[in-house]
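Breakdown of the fold
These are the residues of each chain, in order.
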Amino acid sequence: MNTTVRLTERSGSTSSQRSKGLVPVVVYGAGSDTQSFTAEAKTLNEILGKNPRAILKVEFPGSGSKNAVIQEVQRQPLSRSLLHVDLQQIDMKAELDTKVAFHFTGDPVGVKSGGVQQVELYELDIRTLPDKLTASFEVDISGLDIGDQLLVSDLPKHEGWEILTPEDTLIVRISPPLVLEEPADTDAAEPAAAEAADEGKTEE
């Protein structure tokens, strides 16, 4: 996997840059001032698709390279094309605050029984050293039955991570199956109403 991102100086309008396959990038952190550049959208999309938490080698125009991670991504809602990317420079010997996405494994027993899996939290806030970052956090939910829920406090310990998300935060629950109310039997109701009307006429 190529984790090298080459930055170029911004020139021209944002729309003209995007038409050339470039996306605006902001770089900050590690005691440096915030700087604005552009980078190839294709390269960034490939990295985001394979490992959005990868440690990147960011090459600055005329000033060497530094390590960084992707901290925020903005996409166009419909086309999902990249609009903007934030990169945070990192010190490999210093902890950083970041997020890691959950990867749920196993089929919950409650879902097999007709329950509904409801995911409430997709990413976990953590503090860790850069070399302890992973692409995702695998969590086995196969044991969850109907009515069960998984909280942050239930997560297995991960070496080198300090979890910043509150322990009582709900991650996923298995809800009871949805019960649909049966519509009234209109076919049976109509003859009954007609019969009652006929009886009323007879009495008159």
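Refer to the structure above for everything that follows.
On a predicted model such as this, the values are computed, not experimentally measured, just so you know.

Okay, the sheet that holds strand β3 (residues 32–40) next. The sheet built from six strands is open, its strands ordered β1-β4-β5-β6-β2-β3 with mixed pairing. Of all the strands in the sheet, just β1 (4–6) and β3 have a single pairing partner and so form its edges. In this sheet, adjacent strand axes meet at a mean angle of 35° when their direction is disregarded. Both strand β2 (residues 22–29) and β3 contribute to a ladder of seven bridges, which runs antiparallel.

As a further point, take the sheet that holds strand β11 (residues 149–151). Strand order across the open sheet formed by three strands is β8-β13-β11, with antiparallel pairing between neighbours. Of all strands in the sheet, those bounded by a partner on one side alone are β8 (116–119) and β11. For this sheet, the mean inter-axis angle between neighbouring strands, taken without regard to orientation, is 10°. Direction of pairing for β8 relative to strand β13 (residues 170–175): antiparallel, over a ladder of four bridges. Residue Val-119 lies in a different strand from β13, and its bridge partner there is Val-172.

Right, let's talk about the pattern of salt bridges for a bit. Overall, the coordinates contain six salt bridges when judged by the stated rule. Linking Lys-99 and Asp-125 is a salt bridge whose minimum nitrogen-to-oxygen distance equals 2.6 Å. With Lys-99 in strand β7 (residues 96–105) and Asp-125 in strand β9 (residues 123–128), this residue pair connects regions lying 26 residues apart in the sequence. A salt bridge links Glu-120 to Arg-173, with the nearest nitrogen and oxygen atoms 3.3 Å apart. Here Glu-120 is found in the loop between β8 and β9, whereas its partner Arg-173 is found in strand β13, with 53 residues between them in sequence. Residue classification places Arg-173 among the partly exposed positions, given a relative accessible area of 28%. One salt-bridge network, held together by shared partners, links Asp-97, Arg-127 and Glu-162.

The rules we used
- Residues numbered from 1 in each chain as written.
- Predicted model: local features only at pLDDT ≥ 70, side-chain atom pairs only at ≥ 80, totals over all residues.
- Heavy atoms only, no water.
- Pairing = 2+ DSSP bridges.
- Helix = DSSP H or I, 4+ residues; strand = E, 2+ residues; numbered from the N terminus.
- Axes fitted to C-alpha atoms, helices over the stretch in contact; angles between N-to-C directions.
- Salt bridge = Lys/Arg side-chain N within 4 Å of Asp/Glu carboxyl O.
- Buried < 20%, exposed > 50% of the residue type's maximum accessible area, 1.4 Å probe, protein only.

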